[in-house]
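# Observations on the model geometry
These are the residues of each chain, in order.
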Amino acid sequence: EALAAIAPYLSPTARRQALAEALAAALAIEERYDRVVALVDLAPHLSDDLRWRALHEALTATRSIPDESERGRALVFLAPHLLEQHLPDALADAYTILDPLERTPALSALVPRLPEEPRLRVGKDVIETARSVRPPHYKAGILAAIAPVLPAELIPEAVRVTDQIDTPYDRMHV
């Protein structure tokens, strides 16, 4: 944020140098989640080639986070900023998260960025996951996470699965 504030006052050469140093510093952050955050925050200020590198490195760092919950949160944070060419890898990475309650928010963050066919495939997959998961509050949590980005043609099926939730509170959550 400090760099963004002073960048307009730097000469083009000084700005390029400062951004290169900031990128090097972000890449050197050992804690992977923190590295993802730093790289994503820096990316909009970089030239196209360095932006690609920063986002690629952020995706690589995300992929290497061993904790599923933290990896899922990193994907949620990263998804809106990814370049189109990174989306297939990010989607594959989201599917490496085994816990559906951790995986669904990551998929939901990616869905709006995906082309129509993968968007529909992911939506159907999440609905099927919700249909098969127990207990009811897990089902509700999964459906609630995908609902805001669910393609319109899948809403009737999501409503049918929601109607199968036998607890009113959990059904209302969706």
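Refer to the structure printed above.
As the structure is a prediction and not an experimental result, all values here were calculated from the model. (Residues numbered from 1 in each chain as written. Predicted model: local features only at pLDDT ≥ 70, side-chain atom pairs only at ≥ 80, totals over all residues. Heavy atoms only, no water.)

## What to know about the overall build of the chain
Scanning the chain for helices and strands turns up eleven helices and zero strands. Projected onto its principal axes, the C-alpha positions of the chain cover 60 × 30 × 25 Å. Out of the 174 residues belonging to the chain, those deemed buried represent 38%. Taking contacts inside the chain between residues at least 6 apart in sequence as the whole, the part at least 24 apart equals 58%. As presented, the chain carries roughly 9300 Å² of accessible surface, and 57% of it is formed by carbon and sulfur atoms. Charged side chains of the chain number 19 positive and 26 negative; the gap between the two group centres comes to 3 Å. (Helix = DSSP H or I, 4+ residues; strand = E, 2+ residues; numbered from the N terminus. Buried < 20%, exposed > 50% of the residue type's maximum accessible area, 1.4 Å probe, protein only. Contact = heavy atoms within 4.5 Å. Areas by Shrake-Rupley, 256 points an atom, 1.4 Å probe, with all protein chains shown as cover. Lys, Arg positive; Asp, Glu negative; His and termini not counted. Charge placed at Lys NZ, Arg CZ, Asp CG, Glu CD.)

## Things to note about the environment of A25
Secondary-structure assignment places A25 in helix α2 (residues 12-27). C-alpha separation for the pair A25 and A61, spaced 36 residues apart in sequence, amounts to 14 Å.

## A closer look at the packing of helix α8 (residues 116-132) against helix α9 (residues 136-146)
Relative to each other, α8 and α9 sit at 165°, their axes nearing to 8 Å. Considered as vectors, α8 and α9 are oriented roughly antiparallel to each other. The crossing of α8 and α9 is left-handed. Contacts between α8 and α9 pair V126, T129, A130, R131 and S132 from the former with K139, I142, L143 and I146 from the latter. (Axes fitted to C-alpha atoms, helices over the stretch in contact; angles between N-to-C directions. Parallel < 35°, antiparallel > 145°, perpendicular 65-115°, else oblique. Left-handed = near helix turned anticlockwise from the far one by under 90°.)

## Concerning the pattern of salt bridges
Enumeration over the complete set of coordinates arrives at six salt bridges. The salt bridge partner of R63 is D93, with a shortest N-O separation of 3.0 Å. Taken together, the positions of R63 in helix α4 (residues 48-63) and D93 in helix α6 (residues 87-94) put the pair 30 residues apart, joining distant regions of the chain. Salt bridges linked by common partners bring E128, R131, E157 and R160 together as one network. (Salt bridge = Lys/Arg side-chain N within 4 Å of Asp/Glu carboxyl O.)

## As for unusual backbone geometry
Cis geometry is adopted by the peptide bond preceding P135, which originates at R134 and carries an omega value of -5°. For P135, the location among the structural elements is in the loop between α8 and α9.

## Re helix α5 (residues 68-78)
Of the positions making up α5, those classed as buried are E70, R71, G72, A74, L75 and L78. Against the buried residues of α5 lie α3 (32-42), α4, α6 and α7 (100-110).

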